[in-house]
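# Geometric and topological summary
Okay, here's what each chain looks like letter by letter:
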Amino acid sequence: MKGKRQPSPQGAFNLMGSNKQTNTYKEATALLASQDLLMEKSEVEQDPLQCNYHVDRQVLNEQELEETGQRTQIPKSSRWRTLPRCSRAMAWATLCRFLPILSWLPQYPVQEFLPGDLLSGLSVGIVQLPQGLAYALLAGLPPVFGLYSSFYPVFIYFLFGTSRHISVGTFAVMSVMVGSVTEALAPNDAFLIPGNNTVNVTARDTTRVKVASALSLLVGVFQIGLGLIQFGFVVNYLSEPLVRGYTTAASIQVLVSQLKHVFGLKTEDYSGPLSLIYVVLDICWKLPQSNVGTIVTAFVASILLVAMKMINQKLGRKLPMPIPGELIMLIGATAISYGVGLKDKFDVGIVGYIPAGLEPPRLPDHHLFEKILGNAFAIAVVGFAIAISLGKIFGMKHGYEVDNNQELIALGLSNFIGSFFHCFPISCSMSRSLVQEGSGGNTQIAGAVSSLLILIVIVKLGELFYDLPKAILATIIIVNLKGMFFQFSDICYLWKASRMDLMIWLVTFVATVLLNLDIGLAVAVAFALISVIFRTQRPHYSILGQVPDTDIYRDVTQYKEAKEVPGVKIFSCSATLYFANAEFYRQALKEKIGLDVDDLIAKKKKMIKKETWKAKKVHKENKRQKRVVACKEPSDSSHLGGMNVKIDEMEIGNAKEPDVQDSGVDRPDNAVVNDKGCMFTLETLGLPQPPFHTLILDLGTLNFVDIVCIKTLKNIFHEFQEIEVNVYLAGCHGTLITQFESGNFFGDNITKGHLFVSIHDAVIFAHMHSRPRTTKAVLATRM
């Protein structure tokens with residue numbers, strides 16, 4: 001039920017003063033008087049959920065509001081003054097912020113959280129083992145280095161990370177980015193053995209490990225540096241469509257890179273733009289050389305692995321822990337390969353020797369830094385974006401805060417320290433994170449448990465996977481890309497939701513596929529930023545009308561009942577006004593009001609120039625006649641002089657120029673006065689007058705102003721004052737007023753009396769202070 005509205009006879013505000021009113025003013029007054037801001041509740045019908053209110057105040061401009069509200073300057077922050085101070089509590093708080101484990105581990109509820117963390121850690125470790133081996137292959141490195149990257153960085157993140165549920169370690173997107181660098185700097189062609197044209201695998205792998213370690217060190221340095229300077233907000237420039245388009249394109253890169261292991265082919269190493277296309281063409285060209293045993297192995301493994309994942313999805317809630325499909329596949333395939341002899345009988349490629357134990361730390365090769373600097377920065381940003389996006393999701397779900405800057409530092413330390421132990425750059429894995437959270441993990445103790453499980457494999461069990469077929473690892477990688485391939489459905493969703501976001505997704509995808517991962521990311525970010533600028537350059541411009549019985553103003557093209565207030569044009573823009581769209585704003589304003597202001601000003605200046613020339617000519621002729629008469633009849637000079645016509649009484653066009661001193665006639669604010677005190681207005685010049693006397697600019701969407709914006713608004717004031725239209729601003733917030741003051745916006749012609757707290761205040765003020773004018777039809781304008 002809706003409550004009845006009783007019209008208020010006085011409107012929303014107490015209005016003081018009176019002016020001469022024309023028919024236009026009466027229409028506007030009737031429209032304003034019809035509104036109901038008393039909102040009185042009906043005694044007959046009442047809706048308990050409807051709240052009515054009564055507003056009874058005077059019209060307020062900015063100057064009156066500042067006097068009423070006693071506006072003061074925003075106090076400057078004293079943050080830097082307190083930095084040198086230090087106390088024991090502050091030092092401990094700072095230490096806990098950089099080493100979060102000190103804050104949550106002493107309060108760890110052992111009986112409540114430990115069982116879930118242990119089970120979760122074992123589950124993640126079981127999944128991380130095959131993924132570590134597989135993703136090392138994806139990075140172009142021996143599998144054991146995937147195990148190293150699944151141990152050291154995970155333990156470091158356990159100490160410094162703030163997310164409780166993400167599983168850091170090897171990840172497909174990061175691995176393929178690393179692989180593009182290692183294969184570019186250490187291609188197979190550079191390690192051919194003279195004579196038999198075979199690749200020296202040992203030398204090649206040693207060089208690639210050096211490249212990956214140096215890359216990890218630089219990635220860590222970038223991430224730590226960005227975290228220390230509080231640059232965590234950089235991830236905000238990677239929108240969700242951009243990240244999803246990028247990871248989808250990366251999944252295509254991953255898929256193509258593993259096809260050679262699925263078909264048992266030896267392909268050329270390509271890098272740089274269009275390298276993906278060259279690899280696909282090379283594989284297609286060599287398909288007749290495929291190894292049948294390798295294809296059968298990959299095909300059977302993929303069917304079994306997909307079946308086990310489907311069982312996990314169907315029975316996930318009934319099982320105490322997910323079925324470790326990858327681990328079962330790893331052990332089973334190794335046993336079958338060893339028993340059947342796949343390498344010897346069918347020439348199926350195997351992993352080979354995996355050294356047992358940990359290798360001593362080694363300083364990365366600094367000579368490689370200048371070659372991989374750009375790639376390192378791209379990997380640092382992508383790795384952080386993936387980790388923080390997942391961390392935020394789990395943080396919101398479980399009710400805790402994830403610190404962007406601390407996450408940067410934690411990931412940076414994981415990569416930096418890991419680089420000394422032959423690790424390649426890491427991030428977090430979506431599949432393992434879901435396993436960690438779904439199997440009962442509560443803290444990063446689950447991550448520590450999984451890293452200890454990997455340590456056991458490195459020390460004692462690694463050499464058992466000697467006969468593991470590479471096709472199995474490729475299958476594990478491809479099957480785990482299923483979630484990323486589902487992101488193609490974003491195209492249909494974004495087509496309906498936002499075409500611009502769809503463009504960002506498609507440009508990111510195409511650029512990453514064609515130009516490789518590093519250049520593709522740069523193109524994607526640049527296009528996303530350009531799209532923001534484009535959208536602010538072409539916002540929605542509208543003329544507002546009053547919704548009946550309210551003080552609300554909406555676009556007249558969207559709201560049928562919204563009516564323009566007679567004699568007033570209200571112009572609104574959906575974006576902020578700044579240098580990139582200032583000229584578009586002026587053009588849209590003139591188009592929306594349907595008046596060629598420039599043409600009318602030009603005509604007015606031309607007429608003024610013409611009439612001034614006529615007046616000077618007549619004045620000159622009068623002076624000549626006076627001299628002639630004075631020479632002929634000196635005695636009657638005084639009498640003849642009295643008959644001369646004064647310049648300030650001459651008719652101009654069809655109207656006589658009124659003297660400024662004449663009583664009873666108000667001089668328009670924008671009328672041009674000649675040196676004799678005569679007014680040149682549109683009416684006296686015989687020019688058409690605009691169909692409105694006031695222009696109100698709605699600035700409620702502005703969040704900042706620059707010099708160009710201030711100059712544009714000043715020009716608008718000047719142009720419309722030239723055609724005798726008053727200009728008022730509405731909806732300016734306090735910060736905007738401060739920026740106007742700093743930019744010297746206010747002066748003799750523009751004061752705070754031209755700024756109003758709302759559009760309704762400006763409308764009422766405009767009609768109470770509007771001058772009567774003879775309404776004339778405006779001539780056709782040139783738009």
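Scope of this entry: the structure provided in the associated data block. (Residues numbered from 1 in each chain as written. Predicted model: local features only at pLDDT ≥ 70, side-chain atom pairs only at ≥ 80, totals over all residues. Heavy atoms only, no water.)

Here we take up the side chain of Ser 149. Positionally, Ser 149 belongs in helix 7 (residues 144-149). Beyond its immediate sequence surroundings of up to four residues, Ser 149 is in contact with Gly 169, Thr 170, Cys 423, Phe 424 and Ile 426. (Helix = DSSP H or I, 4+ residues; strand = E, 2+ residues; numbered from the N terminus. Contact = heavy atoms within 4.5 Å.)

Close contact between helix 11 (residues 240-263) and helix 12 (residues 275-286) brings their axes to 10 Å; oriented N to C, the two are set at 30°. Between helix 11 and helix 12, the angle is such that the two are roughly parallel. Every pair of crossing elements has a handedness; the one defined by helix 11 and helix 12 is left-handed. Within the contact between the two elements, helix 11 uses Ile 252, Gln 253, Val 256, Leu 259 and Lys 260 and helix 12 uses Leu 276, Val 279, Val 280 and Ile 283. Classifying every residue of the contact of helix 11 with helix 12 by side-chain character gives seven nonpolar, one polar and one charged. (Axes fitted to C-alpha atoms, helices over the stretch in contact; angles between N-to-C directions. Parallel < 35°, antiparallel > 145°, perpendicular 65-115°, else oblique. Left-handed = near helix turned anticlockwise from the far one by under 90°. Nonpolar A, V, L, I, M, F, W, Y, C, P; charged D, E, K, R; others polar.)

Further remarks concern the sheet that holds strand 7 (residues 568-573). Two pairing modes exist for strands in a sheet, parallel and antiparallel, and in both the strands are linked by backbone hydrogen bonds. With respect to topology, six strands assemble into an open sheet ordered 6-5-7-12-13-14, the strand pairing being mixed. Edge positions in the sheet fall to strand 6 (553-555) and strand 14 (755-756), since each has one partner strand and no second. In terms of strand pairing, strand 13 (residues 726-730) meets strand 14 through two bridges, oriented parallel. For Leu 729, the partnering residue across the bridge sits in strand 14 and is Leu 755. (Pairing = 2+ DSSP bridges.)

This part takes up helix 14 (residues 325-340). Over its 16 residues, helix 14 runs 22 Å from end to end, which matches the ideal 22 Å to within 8%, given 1.5 Å per residue. Elements in contact with the buried residues of helix 14: helix 6 (110-138), helix 13 (292-315), helix 15 (342-346) and helix 20 (470-479). (Expected span 1.5 Å × (residues − 1).)

With that out of the way, let us pick up helix 20. Counting buried positions along helix 20 yields eight of ten residues, so the element is predominantly enclosed. Where helix 20 is concerned, the buried positions are Ala 471, Ile 472, Leu 473, Ala 474, Thr 475, Ile 476, Ile 477 and Val 479. Considering only its buried residues, helix 20 is in contact with helix 6, helix 11, helix 13, helix 14 and helix 21 (482-485). (Buried < 20%, exposed > 50% of the residue type's maximum accessible area, 1.4 Å probe, protein only.)

By themselves, these are just geometric observations and shouldn't be taken as functional.
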